[in-house]
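Structure assessment
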Amino acid sequence: MNTHVDPFDVLVVGSGLAGLTTALELANGGRRVALITKRSADTGATAWAQGGIAAVLGANDDFAQHEADTHQAGGGLCDAHATRLTVERAPQAIRWLQAQGVAFSQEGQALHLTREGGHSQRRIVHAADFTGRAVQEALLQRAREHSAIEWFEHHMLVDLITSQRLGAPGPNRCLGAYVLNEATDTVQVFAARATVLATGGAGKVYLYTTNPDTATGDGVAAAWRAGCRVANMEFVQFHPTCLFHPHAKSFLISEAVRGEGGVLRLPESAGGTRFMPAHDARAELAPRDVVARAIDFEMKRHGVDCVYLDITHQSATFLQHHFPTIRARCAELGIDIAQQPIPVVPAAHYSCGGVMVNHQAATDVAGLYAVGETAYTGLHGANRLASNSLLECVVYAQLAAAHIAQLEPEASASLPAWDDSRVTDADEQVVIAHNWEELRRFMWDYVGIVRTNKRLERAAHRIALLHQEIQEFYASFHVTRDLLELRNLVQVADLIVQSAQQRHESRGLHFSLDYPQAAANPQPSVLRPA
Ligand SMILES: Cc1cc2nc3c(=O)[nH]c(=O)nc-3n(C[C@H](O)[C@H](O)[C@H](O)COP(=O)(O)OP(=O)(O)OC[C@H]3O[C@@H](n4cnc5c(N)ncnc54)[C@H](O)[C@@H]3O)c2cc1C
């Protein structure tokens, strides 16, 4: 069977905001784009974003204030150029999204702007409380209609094909990718002049996450294997309050619940007392990382599975008006939030680090780009400012597209077919499920919100064992999506632990009991493949 797909100008991996923006910009410029995505096209973090997108559009606002807020949140580690570039391009990014058909909430003739934690001004453009869905749907419709974009749903990136891997002389170049077609269960060869990784985050490396199932760090792992540097992987943002229930995977309880007077309590079995005032003078209104750390501390101290967010002092009418989605979701699970406290845990929410790119979103490997949550541009430093991530997706996707559009066309290289000598199916699928479970649990326990040298060492030891086991599986058996995702998660876990071990200080989202102080001269933690 011929597994070679006809060559494309550009291969875009991922159909979230970053991938769709790149694909549309290139297709509008006349390039032939293949868009591969591992599930259906609307699956990813973008559609889940509730809050909005930051941009300087208000009368009292200016770029300097948005930049200053970004630096403040980033704990002194934001790249100055990336920050300025992103902030200055934000208004134009919003106009571009509107031109694609995104209907943001209006106030009269102007866009309605809200304010979020860490922002000194009202500058959050939004579509009610379903901004991500509005953006995803509008761009998806555009991209589906575009004749220059060919869609490959249920196609998963396995690995990048580079000149170095093929033993060719000269600087390393990306020539395309091996892609698992889940419908035919075959690995296909995609050749392209440029390849863009837009595979989103890696929240699934932790037991609790707000991320969708697609967030398995595939782009970071593939780029690392292809020879790219990665940076700042230790900075994982944890959202303090994710609903804790066996049937509620990844459901966020908005910070606005605490804003409206919700208090955090221990479970009844541990006394039921309110604990935040003992941790911070701002109590429940302290910043995200402070609240997440306090919850983690109390859960570990009392050996409990969750804590409770109590908003029962508000009336049912008030809660219905302010939190209809949260009320409905909890009610489905038998929790009446007007009568009962909500069980919550902190959960991995956003990866600030990723594949290192320059200001054209180009990686260390020629012809390979990374955009969106997969990339490290330097914008987020040690902690992400709310609503800067969707913005970064658009800005860097546009920069990548502009750079790729200038590349000279080339005849595509002839690439070898996937080595299919692994003919047997894995006899023990249970091993994959077990390893996946084990990884996510020890990452949560040892590499979560509060870290120590000892815990990181323990995690590194277990990762090494898993790595070996997964490699044996990978080398011997037919590849499946579960196996590939686990292989990537183990790789990403390793990178997070290595980065955390490099950082001998506490800063932003990285908190170590062994190094509780911030260092004088902070640097990004950059890892290079051997
Ligand atoms: C609950 C929630 C709320 C949020 N709220 C906000 C907010 O209000 N404002 C804000 O700025 N940010 C917010 N964020 C963060 C923001 O949504 C994400 O950072 C952003 O959407 C990432 O976009 P992306 O295009 O990089 O990735 P995604 O939207 O996650 O898309 C990744 C795509 O890659 C595909 N993919 C992954 N691996 C492979 C592979 N191996 N092969 C093929 N395809 C693959 C996936 O299927 C998916 O299509 C929120 C995140 C979450 C989880």
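Everything here concerns the structure above.
Now for a quick tour of the structure. These numbers were taken from a predicted model, which means no experiment stands behind them. (Residues numbered from 1 in each chain as written. Predicted model: local features only at pLDDT ≥ 70, side-chain atom pairs only at ≥ 80, totals over all residues. Heavy atoms only, no water.)

Remarks on the overall build of the protein
Condition: Starting at the N terminus, helices and strands are each numbered in turn, a helix being any DSSP run of H or I of at least four residues and a strand any DSSP run of E of at least two. Here the globule rule is a power law, 2.2 Å times the number of residues to the power 0.38, and the radius of gyration is based on C-alpha atoms. For the exposure calls, accessible area comes from a 1.4 Å probe over protein chains only, and a residue counts as buried if that area is under 20% of its type's maximum, exposed if over 50%, partly exposed in between. Contacts are assigned to residue pairs with any non-hydrogen atoms lying within 4.5 Å of each other. Shrake-Rupley sampling with a 1.4 Å probe provides the accessible areas, and residues are treated as covered by the protein chains on show and by no other component.
In terms of helices and strands, the protein carries 13 helices and 20 strands. Compactness check: the protein gives a C-alpha radius of gyration of 23 Å against a globular reference of 24 Å for 530 residues, within 12% of the reference. Projected onto its principal axes, the C-alpha coordinates of the protein cover approximately 65 × 55 × 50 Å. Among the 530 residues that make up the protein, the fraction classed as buried is 58%. At a minimum sequence separation of 6, the contacts of the protein that also span at least 24 residues come to 73%. Of the roughly 21100 Å² that the protein leaves accessible, carbon and sulfur atoms contribute 50%.

Regarding the site of the ligand
Operational definition: Any residue with a non-hydrogen atom lying within 4 Å of a molecule or strand is treated as near it. Counted as a polar contact is a pair of N or O atoms within 3.5 Å, where, for protein atoms, one must be capable of donating a hydrogen and the other of accepting one, and residues adjacent in sequence contribute only when both atoms are in side chains. For this classification, Asp, Glu, Lys and Arg are treated as charged, while Ala, Val, Leu, Ile, Met, Phe, Trp, Tyr, Cys and Pro are nonpolar and the rest, including Gly, are polar.
The environment of the ligand is made up of 38 residues, and the closest members are Ala 45, Thr 46, Asp 218, Glu 373 and Ser 389. A distance of 2.9 Å separates a nitrogen atom of the ligand from a polar atom in the backbone of Leu 157. The fraction of the free accessible surface of the ligand (1000 Å²) that becomes covered by protein chains is 97%. Going through the elements one at a time, helix H1 (17-28), strand E9 (155-162), strand E16 (342-351) and helix H10 (388-405) are the ones with two or more residues in the shell around the ligand. The element best represented in the shell around the ligand is H10, accounting for four residues. Taken together, the residues of the shell around the ligand sort by class into 13 nonpolar, 21 polar and four charged.

Topic: the pattern of salt bridges
Using the following cut-off: The term salt bridge refers to a side-chain nitrogen of Lys or Arg lying within 4 Å of a carboxyl oxygen of Asp or Glu.
Enumeration over the complete set of coordinates arrives at 26 salt bridges. Where Arg 32 meets Glu 150, a salt bridge forms, and the shortest distance between an N and an O atom there is 3.8 Å. Pair noted here: Arg 32 is in the loop between H1 and strand E2 (33-37) and Glu 150 is in strand E8 (residues 149-153), with a separation of 118 residues, a long-range link. By relative accessible area, which is 37% here, Arg 32 ends up partly exposed. Here Asp 218 ties to Lys 38 by a salt bridge, and the two come within 2.9 Å at their closest N and O atoms. Highlighted residues: Asp 218 in helix H5 (residues 218-226) and Lys 38 in the loop between E2 and strand E3 (53-54), separated in sequence by 180 residues. Residue classification places Lys 38 among the buried positions, given a relative accessible area of 11%. Salt bridges linked by common partners bring Lys 38, Arg 39, Asp 218 and Glu 485 together as one network.

Considering the packing of H1 against H10
Applied cut-off: Where helices are involved, their axes are fitted lines through C-alpha atoms of the stretch in contact, as for all axes, and angles between N-to-C directions lie from 0 to 180°. The handedness criterion is simple: a crossing whose near helix is rotated anticlockwise from the far helix by less than a right angle is left-handed, and one whose near helix is rotated clockwise is right-handed.
The N-to-C vectors of H1 and H10 enclose an angle of 35 degrees; their axes lie 8 Å apart at closest approach. In the packing of H1 onto H10, the handedness of the crossing is right-handed. Of the residues in H10, those in contact with Leu 17, Ala 18, Thr 21, Thr 22, Glu 25 and Leu 26 of H1 are Leu 390, Cys 393, Val 394, Ala 397, Gln 398, Ala 401, Ile 404 and Ala 405. In terms of residue class, the contact of H1 with H10 is built from 10 nonpolar, three polar and one charged.

Details of the sheet that holds strand E12 (residues 230-231)
Note the threshold: In this description, strands pair whenever DSSP reports at least two bridges between them.
Ordered by their spatial adjacency, four strands build an open sheet running E19-E17-E12-E20, and the pairing between neighbours is mixed. In this open sheet, the two edge strands, each paired with only one partner strand, are strand E19 (375-376) and strand E20 (526-527). As defined by bridge partners, strand E17 (residues 354-356) adjoins E19 across two bridges and the pair is classed as parallel. Paired with Val 355 across the two strands is Ala 375, which belongs to E19. Here H5 sits on the sheet in contact with E12, E17 and E20, set at roughly 40 degrees to E17.

A word on helix H13 (residues 481-502)
Test applied: Each residue after the first adds 1.5 Å to the expected span of a helix.
With 22 residues, H13 should cover 32 Å at 1.5 Å per step; its first-to-last C-alpha distance of 32 Å lies within 8% of that length. Extensive coverage of H13 is indicated by the burial of 16 of its 22 residues.

Points about the nonpolar core
Heads up, the condition is: Residues belong to a common nonpolar core when they are buried Ala, Val, Leu, Ile, Met, Phe, Trp, Tyr or Cys residues joined through side-chain atoms within 4.5 Å.
By size, the foremost hydrophobic cluster in this structure holds 102 residues, and its most contacted members are Tyr 206, Ile 253, Leu 439 and Met 443. The element that contributes the greatest number of residues to this core is H13, accounting for 10 residues. The residues touching Leu 439, leaving out its near neighbours within four places in the chain, are Val 205, Leu 466, Leu 486, Leu 489, Val 490 and Ala 493. Counting 54 residues, the second largest nonpolar core, distinct from the first, contains Ile 94, Ala 127, Val 196 and Ala 401.

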